[in-house]
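Listed below are the residues making up each chain.
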Amino acid sequence: MTQNVTQSLQKTIHRTVLDNGMVVIAVENPAADIIAARIFINAGSSWESPTQAGLSHLLSAVLTKGTEGRSSLEIAELVESVGATLSTDTTPDYFLLSLKTVSGDFPELLRLSSELLRSPTFPESEVELERRLTLQGIRSQQEQPFTIGYDQMRRAMYPDHPYASSVLGTEATVSELTREDLQTYHQTYFRPDRIVISLTGRISPLEATALVESVFGDWQAPSVSVPPLELPRLKPNPRFLSSIQDTQQSIVMAGYLGPSVLGNDPLNPNPRDYAILKLLNTYLGNGLSSRLFVELREKRGLAYDVSAFYPTRLREAAFVVYMGTAHENTAIALKCLQTEVERLSNTILGEDELQSAKNKLLGQYALGKQTNAQIAQVFGWYEILGLGIDFDTRFTEEVAGISPAEAQEAASRYLTQAYVSLVGPSEAIAPLCESVAY
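All residue numbers refer to positions counted from 1 along the written sequence of the respective chain. Reporting in this predicted model follows two pLDDT cut-offs: at least 70 for local features of residues, and 80 or more for side-chain atom pairs to be given and counted; totals over whole chains, interfaces and linings ignore these cut-offs and use all residues. Remark: hydrogens and water are excluded; side-chain values derive from all non-hydrogen atoms of the structure.

1. Observations concerning the overall build of the chain
As a reminder of what qualifies: Here a helix means four or more residues in a row that DSSP labels H or I, a strand means two or more in a row labelled E, and each is numbered from the N terminus. Only protein chains enter the accessibility calculation, which uses a 1.4 Å probe. A residue is then buried if its area is under 20% of the maximum for its type, exposed if over 50%, and partly exposed in between. Contacts between residues were defined by any pair of non-hydrogen atoms, one from each residue, lying within 4.5 Å. For accessible areas, the Shrake-Rupley method is used with a probe of radius 1.4 Å. Any residue's cover is judged against the shown protein chains and nothing else. The sign given to each residue is positive for Lys and Arg and negative for Asp and Glu; His and the chain ends receive no count. Charge positions come from single atoms, namely NZ of Lys, CZ of Arg, CG of Asp or CD of Glu.
On a plain count of helices and strands, the chain comes out with 16 helices and 12 strands. Residues counted as buried form 54% of the 438 residues belonging to the chain. Contacts spanning at least 24 positions in sequence make up 78% of the contacts within the chain whose residues lie at least 6 apart. When the accessible surface of the chain is split by element, carbon and sulfur atoms take 49% of a total near 18600 Å². One finds the centroid of the 35 positive side-chain charges in the chain at a distance of 4 Å from the centroid of its 51 negative side-chain charges.

2. Describing unusual backbone geometry
One non-glycine residue, F122, lies in positive phi territory at about 50°. Mapped onto the secondary structure, F122 falls in the loop between α3 (106–118) and α4 (124–141). At D160, a position not held by glycine, the phi torsion is positive, near 55°. Within the secondary structure layout, D160 lies in the loop between α5 (145–157) and α6 (171–176).

3. Quick look at the packing of aromatic side chains
The test is simple: Side-chain rings of Phe, Tyr and Trp (the six-membered ring for Trp) are treated as a pair once their centres are within 6.5 Å; stacked means planes under 30 degrees apart, edge-to-face means over 60, and tilted covers the remaining angles.
Tallied over the entire structure, the rule returns 19 aromatic pairs. When the ring of F95 is compared with that of F190, the centres are 5.0 Å apart and the planes differ by 70°; the resulting orientation is edge-to-face. Separated by 95 residues along the polypeptide, F95 in strand β6 (residues 95–102) and F190 in the loop between α7 (179–189) and β7 (195–201) bring together distant segments of the chain. Across this residue pair, the class does not change: F95 and F190 are buried. When the ring of Y158 is compared with that of Y163, the centres are 5.4 Å apart and the planes differ by 75°; the resulting orientation is edge-to-face. Grouping residues by exposure puts Y158 and Y163 together as buried. Three or more aromatic residues joined by ring pairs form one cluster here, namely Y274, Y310, F319, Y365, F379, W381, Y382, F391 and F395.

4. What about α7?
This is how the line gets drawn: The reported arc concerns the directions from the helix axis to the C-beta atoms and nothing else.
When we look at burial in α7, the residues that qualify are D181, L182, Y185, H186 and Y189. What you see down the axis of α7 is that its buried residues fit within an arc of 130°, all on one side.

5. Looking at the pattern of salt bridges
Where we set the bar: Whenever a carboxyl oxygen of Asp or Glu lies within 4 Å of a side-chain nitrogen of Lys or Arg, that contact is scored as a salt bridge.
Counted under the stated rule, the structure contains 19 salt bridges. Across the pair E406 and R272 runs a salt bridge whose closest N-O atoms are separated by 2.9 Å. Of this pair, E406 sits in helix α15 (residues 404–414) while R272 sits in the loop between β9 (250–258) and α9 (273–285), and the two are 134 residues apart along the sequence. Note on E406: relative accessible area 23%, which makes it partly exposed. For the salt bridge of K369 with D392, the shortest nitrogen-to-oxygen distance reads 2.6 Å. Here K369, found in the loop between α12 (351–367) and α13 (372–384), pairs with D392, found in helix α14 (residues 391–400); they are 23 residues apart in sequence, far enough to count as distant. Neither K369 nor D392 differs from the other in exposure class; each is buried.

6. Let's talk about α9
Spelled out, the test is: To estimate the expected span of a helix, count its residues, drop one, and scale the result by 1.5 Å.
With 13 residues, α9 extends 18 Å from end C-alpha to end C-alpha; this agrees with the ideal 18 Å at 1.5 Å per step. Of all 13 residues in α9, 13 are buried, a share of seventy percent or more. Among the residues trailing α9, G287 stands out with phi positive, at a value near 95°.

7. Structural notes on the environment of I39
The topology assignment puts I39 in strand β4 (residues 34–41). Once you skip the residues sitting within four places of it in the chain, I39 turns out to touch F95, L96, L97, L99, S113, L117, I195, V196 and I197.

8. Overview of the packing of α9 against α14
The line we're drawing: Between N-to-C directions, angles cover 0 to 180 degrees, with each direction set by a line fitted to C-alpha atoms, over the stretch in contact for helices. The scheme is simple: roughly parallel for angles under 35 degrees, roughly antiparallel for over 145, roughly perpendicular for 65 to 115, oblique for anything else. It is the rotation of the near helix from the far one that decides the hand of a crossing: anticlockwise by less than a right angle makes it left-handed, clockwise makes it right-handed. Residue classes follow a fixed rule: Ala, Val, Leu, Ile, Met, Phe, Trp, Tyr, Cys and Pro count as nonpolar, while Asp, Glu, Lys and Arg count as charged, and any other residue, Gly among them, counts as polar.
Between α9 and α14, the shortest axis-to-axis distance is 9 Å and the interhelical angle comes to 60°. When the interaxial angle is binned, α9 and α14 end up oblique. Seen from above, α9 lies across α14 with right-handed handedness. Residue-level contacts link Y274, A275, K278 and L279 of α9 to F391, F395, E398 and V399 of α14. Among the residues forming the contact of α9 with α14, the class breakdown is 6 nonpolar, no polar and 2 charged.

9. Looking at the UniProt feature "domain: Peptidase M16 N-terminal" (unreviewed entry) in the chain
Heads up, the rule is: UniProt positions are given in the numbering used here, feature names are shortened, and annotations may be inferred rather than shown by experiment.
In this numbering, the UniProt entry assigns the feature "domain: Peptidase M16 N-terminal" (unreviewed entry) to residues 24–170. Secondary structure within residues 24–170 divides into 42% helix and 18% strand; the distance between the first and last C-alpha atoms comes to 35 Å.

10. Some thoughts on the packing of α9 against helix α11 (residues 330–346)
Contact pair α9 / α11: the axes reach a minimum separation of 11 Å and the direction vectors enclose 135°. Classified by the angle their axes make, α9 and α11 are oblique. Viewed along their axes, α9 and α11 form a crossing whose handedness is right-handed. Across the interface between the two elements, L280, Y283 and L284 from α9 touch E340, V341, R343 and L344 from α11. Of the residues contributing to the contact of α9 with α11, the split by class is 5 nonpolar, no polar and 2 charged.

11. What about the environment of Q220?
Counted only if it meets this: Here a polar contact is taken to be a pair of N or O atoms separated by no more than 3.5 Å, where protein atoms must pair a possible hydrogen donor with a possible acceptor and residues adjacent in sequence count only if both atoms sit in side chains.
Here Q220 shows up in the loop between α8 (205–216) and β8 (240–244). Each C-alpha atom of the pair Q220 and D193 lies 8.4 Å from the other, and the pair is 27 residues apart in sequence. If we ignore the near neighbours within four places in the chain, the residues touching Q220 are N20 and P192. Reaching out from Q220, the side chain makes a polar contact with the backbone oxygen of G217 at a distance of 3.2 Å.

12. Quick word on the sheet that holds β8
Cut-off, in case you're wondering: By the convention used here, strands pair only if DSSP detects at least 2 bridges between them.
Ordered by their spatial adjacency, 5 strands build an open sheet running β8-β12-β9-β11-β10, and the pairing between neighbours is mixed. Each edge of the open sheet carries a strand with a single partner, namely β8 and β10 (303–309). On average, adjacent strands in this sheet sit at an angle of 10° to one another, irrespective of strand direction. Inspection of the sheet shows β10 paired to strand β11 (residues 317–325) by 6 bridges, in the antiparallel sense. Note on β11: the bridge partner recorded for F309 is V320. Contacts from helix α10 (residues 291–299) reach β10 and β11 within the one sheet, and its direction differs from that of β10 by about 160°.

In structure tokens form, the structure reads like this:
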């Protein structure tokens, strides 16, 4: 067992590696009689084959439906009888089991979590039920103009890459998944040396670590390691994409291939690039004071909805700006969106503009670490991504130190080759398709 301690959030974060390879992150917060835990597994939709897209999502839906010692009803009754919460989720970069309860009931809920992770039974009837619900979710997404636009952009941006697909999968792949597929995936990736348990609440780090070891310590990893995930290196390949739909408004979207959170792109090796693009994303499209909202909605009246997002990813991430606009404004909306992004490369932002964006980003970041659940999420997330628990301090320092020149330089490297995605009626979309030579 190895341990290290880091100071952050004015709290002490204890990190311990158990003999079976499991990592335990513990933060004591005695303010309320609550303990929250996040259990991260080094898995997720990126570890699916293209023909099994949606496998990890289906597994997350069925994981709590039965173990070797408990039925689905018994699991639900145990959780609800003490007023606790327990849920599962999957993302492209990790699988997650979350729980929260009062301190006195936490050991029992942690033992239940161990059963779920180690001996799920995946009852056939539950697999079929969750498959039907997933298929309904996929069909519902296919009726949403924003999702249509984003999906067609992702498929172009991420060829032969798992980030191209929704974690739900497709109707074709989900329809073919079997209980045996779930068992194989579980046996391959659910093992202690691929797990991070992050706990926050009224429990000392020493007690937390001892409790986790008593529950999970006898779980031994197989002798054969899981091969590293090999994904293709991506390069920008601008595309113009359109989908003719009878929508109430046009969806106009521009996307750019940005750096991963690890900042390990050999073509763009500046490790601060992730923080810089987070700041630029905040400046452009975060809230009512953002550049896009003020310029395109308030001043020009072009947008029903306008924003930007840049998700945190282990591999290259999409930096996206979008708006919903009246059909007759589709062309000018696209031009204005791209102009605002290009401005970041052509014009050095003023110190005041940049400082306002920093204040907003850092303020929101601090507010996202207030509850036990949020703290457990943040530090477990950093650990499973390979960033380390000191990333909390490093990220805020990087954001605070970004200069206007750095911001412009990063924008000129990442935000110049756009994937354009449009969704709307033919009269709004077709003229733009005819005028673009990609």
